[in-house]
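Breakdown of the fold
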Amino acid sequence: MFAAERRQLILEMVRANGAVSLRELARVVQTSEVTVRRDVRALEAEGLLDRRHGGAVLPGGFTRESGFPQKSHLSTAEKTAIADLAAGLVGEGEAIVVGAGTTTQELARRLARVPGLTVVTNSLLVAQALAHANRVEVVMTGGTLRGSNYALVGSGAEQSLQGLRVSRAFLSGSGLTAERGLSTSNMLSASVDRALVQAAAEVVVLADHTKLGSDTMFQTVPTELITRLVTDEPPVHDERAATELQALADQGVEITVAGPDAGSPAGGDPLPPPGRQQQRQDMPLPGQRRTQGGHGGPGGLGPQLRSAAALAEGPVGRVADMRRR
């Protein structure tokens, strides 16, 4: 493929999806990431797209949300690894909320085997993934169907979440930065996600490395309310993604990184931990939220980056402790 043909295809992919990783571009145009990076730089010089951490986005600084058909084919291996790790956070008999998205859909498929689980969701795709799970109860919000991502939004969805209290919320989005937290490109989706957050004692964000450093229009979860980020391992050359992860950890977000063998007992490679580490003393009771200044104080969650192997030891036990209280 000639350079002009490659660049035209790259441009079409970015226009169709809003944001595409270098890894995905290289796979589609069947060339190396080094060559794709050179093409992306050339297109950026012409003002046709913007480079971001490990990928390319539409020009203008804000990525737009792509539809489900496009998103479902992006970063599939990464989403699978993230979902595998996130499922290990959910214990028997828990009640959780799961937001809309292709990564949360992957998570739902793995939750079907957790006995006694209650899942509250506004996503038709999440509900469909759990429809035949005999041991899982699915509670759907009301609302108006948003066809682009098969989610229920609007005042009906938000009102149905009032008074709800669960242990965790699992959310994804269009972008994640240490400065602004999780964000999305649609106002109605952002409003429902905020209602999901208010219903949970802890917030777990599922985001692959292409979302790191991307900023979109509507904030859903500020950084100080994110308990944990489950993500995949950024490419070696993606220093910006590693920097963003460290900045999130410095603000008290517990980070779990899925390595290439995340499904194995030793899978998941922790990033080098920051200088200060602090173990959380207590699991907050449902309804309690962390305050902005609470990361370093007693009972606060200090910056901590954990591997997949560590997940099996801690989270389920903490959930059990919360239920006993």
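In short, a report on the structure. Everything numeric in this text was worked out from a predicted model, so none of it was measured.

Procedures and definitions
Residues numbered from 1 in each chain as written. Predicted model: local features only at pLDDT ≥ 70, side-chain atom pairs only at ≥ 80, totals over all residues. Heavy atoms only, no water. Helix = DSSP H or I, 4+ residues; strand = E, 2+ residues; numbered from the N terminus. Buried < 20%, exposed > 50% of the residue type's maximum accessible area, 1.4 Å probe, protein only. Contact = heavy atoms within 4.5 Å. Patch = residues over 30% accessible without salt bridge, like charges linked within 9 Å, V, L, I, M, F, W, Y side chains within 5 Å. Areas by Shrake-Rupley, 256 points an atom, 1.4 Å probe, with all protein chains shown as cover. Salt bridge = Lys/Arg side-chain N within 4 Å of Asp/Glu carboxyl O. Axes fitted to C-alpha atoms, helices over the stretch in contact; angles between N-to-C directions. Parallel < 35°, antiparallel > 145°, perpendicular 65-115°, else oblique. Left-handed = near helix turned anticlockwise from the far one by under 90°. Nonpolar A, V, L, I, M, F, W, Y, C, P; charged D, E, K, R; others polar. Pairing = 2+ DSSP bridges. 1 Å grid on protein atoms, 1.4 Å probe; cavity = no way out; pocket = protein on both sides within 12 Å on 5 of 7 lines; lining within 4 Å. Points joined across faces, edges and corners; volume = space filled by probe spheres on them.

**Section: the overall build of the chain**
Tallying secondary structure elements over the chain gives 12 helices and 16 strands in all. Within the span of the chain, comprising 325 residues, buried residues form 57% of the whole. Sequence-distant contacts in the chain: of pairs separated by 6 or more residues, those separated by 24 or more amount to 69%.

**Describing a nonpolar patch on the surface**
A cluster of nonpolar side chains, contributed by Leu124, Met140, Leu145 and Tyr150, occupies part of the molecular surface with about 330 Å² of accessible area. Considering the arrangement of structural elements, one finds Leu124 in helix H7 (residues 124–129).

**Comments concerning the packing of helix H5 (residues 76–87) against helix H6 (residues 102–111)**
Following both chains from N to C, one finds H5 and H6 inclined at 50°, their axes separated by 8 Å at the closest point. With respect to H6, the axis of H5 lies oblique. The two elements H5 and H6 meet at a crossing, and its hand is right-handed. The residues of H6 that touch H5, namely those facing Lys79, Thr80, Ile82, Ala83, Asp84, Ala86 and Ala87, are Thr102, Thr103, Glu106, Leu107, Arg110 and Leu111. Among the residues forming the contact of H5 with H6, the class breakdown is six nonpolar, three polar and four charged.

**Thoughts on unusual backbone geometry**
Positive phi, normally seen in glycine, also occurs at Gln30, with a value near 60°. Positionally, Gln30 belongs in the loop between helix H2 (22–29) and helix H3 (33–45). Residue classification places Gln30 among the exposed positions, given a relative accessible area of 73%. For Tyr150, which is not a glycine, the phi torsion comes out positive at approximately 55°. Here Tyr150 lies in the loop between strand E7 (144–146) and strand E8 (151–153).

**Considerations on the pairing of strand E11 (residues 181–184)**
Summarising the sheet, strand E10 (residues 175–177) and E11 pair through three bridges and their orientation is antiparallel. When the bridges of E11 are listed, Leu176 appears paired with Leu182. The antiparallel hairpin formed by E10 and E11 contains three residues in its connecting segment. Note that E11 and strand E13 (residues 218–221) share three bridges and pair antiparallel.

**Some remarks on the layout of surface pockets**
Of the voids in this model, the largest pocket is the one considered here, and its volume is about 260 Å³. Lining the largest pocket we find 13 residues, and of these Arg37, Arg51, Arg52, Gly54 and Arg240 sit closest to its centre. For the lining of the largest pocket, the secondary structure elements donating two or more residues are H3, strand E2 (50–52) and helix H10 (239–250). Looking at which element gives the most residues to the lining of the largest pocket, the answer is H3, with three residues.

**Regarding the sheet that holds E11**
One open sheet accounts for three strands, arranged E10-E11-E13; its pairing is antiparallel. Lying at the two open borders of the sheet, with one neighbouring strand each, are E10 and E13. The average undirected angle you get between the axes of adjacent strands in this sheet is 35°. Sitting on the sheet, helix H9 (residues 187–198) is in contact with E11 and E13, with an inclination near 20° to E13.

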